[in-house]
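# Understanding the architecture of this molecule
Take a look at the letters that make up each chain.
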2 protein chains.
Amino acid sequence: MLHLIIAESELELPPESILDHPAIVNYAKRRGKKPNEIILDSTYHHAALRKLEDGERRGRPDIVHLCLLNALESILNKEGKLRVYVHTRNDDVIYVKPETRLPRNYNRFLGLMESLFKEKIVPKDLGLLRMKKKTIDQLIKEINPDAIFVMHEKGEKIKPWEFGKTLAEFRDPAVIVGGFPHGDFRKVDFGKRISLYDGSLMAWTVVNEVIVNAERYYLP
Amino acid sequence: MLHLIIAESELELPPESILDHPAIVNYAKRRGKKPNEIILDSTYHHAALRKLEDGERRGRPDIVHLCLLNALESILNKEGKLRVYVHTRNDDVIYVKPETRLPRNYNRFLGLMESLFKEKIVPKDLGLLRMKKKTIDQLIKEINPDAIFVMHEKGEKIKPWEFGKTLAEFRDPAVIVGGFPHGDFRKVDFGKRISLYDGSLMAWTVVNEVIVNAERYYLP
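If you're wondering where the values come from, they're calculated on a predicted model, not measured in any experiment. (Residues numbered from 1 in each chain as written. Chains lettered and ligands numbered in written order. Predicted model: local features only at pLDDT ≥ 70, side-chain atom pairs only at ≥ 80, totals over all residues. Heavy atoms only, no water.)

## Examining the UniProt feature "site: Interaction with substrate rRNA" (unreviewed entry) in chain A
Per the UniProt entry, the sites bearing "site: Interaction with substrate rRNA" (unreviewed entry) are R60, R101, R104 and R108 of chain A in this numbering. Those annotated residues from the list above that line the largest cavity are R104 of chain A. Tracing the backbone through its elements, the reader meets R60 of chain A in the loop between α2 (42-49) and α3 (61-72). R60 of chain A has contacts with E10, L40, S42 and P181 of chain A together with R104 of chain B, leaving out every residue within four places of it along the chain. Structurally, R101 of chain A is set in the loop between β3 (92-96) and α5 (106-119). Owing to a relative accessible area of 60%, R101 of chain A belongs among the exposed residues under this scheme. (UniProt positions renumbered as here; feature names shortened; annotations may be inferred. 1 Å grid on protein atoms, 1.4 Å probe; cavity = no way out; pocket = protein on both sides within 12 Å on 5 of 7 lines; lining within 4 Å. Helix = DSSP H or I, 4+ residues; strand = E, 2+ residues; numbered from the N terminus. Contact = heavy atoms within 4.5 Å. Buried < 20%, exposed > 50% of the residue type's maximum accessible area, 1.4 Å probe, protein only.)

## A few points about unusual backbone geometry
Residues and elements named next belong to chain A. The omega torsion across V122 and P123 is -20 degrees, close enough to zero to call that bond cis. Mapped onto the fold, P123 is located in the loop between β4 (121-122) and β5 (129-133). For K120, which is not a glycine, the phi torsion comes out positive at approximately 70 degrees. Relative to the helices and strands, K120 is located in the loop between α5 and β4.

## Concerning the side chain of D41 of chain A
Within the fold, D41 of chain A resides in the loop between α1 (22-31) and α2. No salt bridge is formed by the buried D41 of chain A; the nearest opposite charge belongs to R60 of chain A, separated by 6.3 Å. Contacts of D41 of chain A, omitting those with residues within four sequence positions, involve G59, P61, Y106 and L110 of chain A together with N105 of chain B. (Lys, Arg positive; Asp, Glu negative; His and termini not counted. Salt bridge = Lys/Arg side-chain N within 4 Å of Asp/Glu carboxyl O.)

## So, empty space enclosed by the protein
On inspection of all chains with the given rule, the structure shows 4 cavities of 30 Å³ or more. The wall of the largest cavity is formed by D62, H65, L66, R104, N105 and Y106 of chain A together with D62, H65, L66, R104 and Y106 of chain B. Breaking the lining of the largest cavity down by element, the ones donating at least two residues are α3 of chain A together with α3 (61-72) of chain B. Broken down by class, the residue content of the lining of the largest cavity amounts to 4 nonpolar, 3 polar and 4 charged. (Points joined across faces, edges and corners; volume = space filled by probe spheres on them. Nonpolar A, V, L, I, M, F, W, Y, C, P; charged D, E, K, R; others polar.)

Below is the structure:
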């Protein structure tokens, strides 16, 4: 089983300090929600984000959406060989059941994430998505992988198709992909660092490379 | 060079017959646009779509968005070995320059597509996206590929990683992926039909499989 962790994702509710910022207040009103119930989104809350530490990289639920749509609809996942987790900058962890059919529409996805932050489980009966307070260290301990790879621009260079083979040498490897637009991990300082390309890649591109190249060795 | 065509995509302005439907009129008003200037979107125009032929599959700009984000951010594209085209049900063809950095945010992407339908070229100076009236047959004639593969559930079964090798036997192959949510092509009745999996795959999953598996043979 391949365990894919989208780590330190920029998925969060607006922090206390900007809850009364006009960009947040007006957006929330338009959506019929309270300011502390909406997902922070750089497209709409840019002015408010400038007041925050790391403001230039925060509020990127779109990256999580793209990574999840690619992972969940992959052949590897359909064949039951993939588990996907989303870890966020604030140490929320989302467990995603493999059979989850995520909304394709971005605005509906935001609505779903808002429900998840509120209810911690959606939908209540099926529990396709569950959210827990957990650090990435705790998540890793729980998964108990027999290898940990961290996808990193400055990691050891390896051709993507060779990385698939490397993964297949393990029974339960974990692959960590940063769920942020640029910059470095803030806390992930363990695992073997791997770079698939001379240059930066989007998080969802790395997800695609890892999954598709693993299929060759994971599938019959 | 690999030529990827997202064909018969469900990307269009609302047809004449539903321009006065409340679902279209109200949505357009909310966006500050005329009803004939908005992109048809099943998430918002479902009630209007029920009045249309093929209504259950139309209005899916999200599929085009996902396919393009995956293709344009791929390693194959960054290495200059990929050309991407979007062909629509109404025979509009979008030429996408490889260096295009598409909006990651879905709502901004819709805005961009609305500009493109209006102006036929965006942005005016760089011309990253250009739209022409053209059938898929005309587009194929223009590309002049030395092989044509049509990704199709009922095509010849081939492992995704073997398909990459097949592609590499040609200099300028064209790969056609249906840009619709389900059902069959309406007009594409040429090319060699290829199936990568026993079961249906999303258009963007097929795009990922084709591109990533081609990289192994296209890149040094």
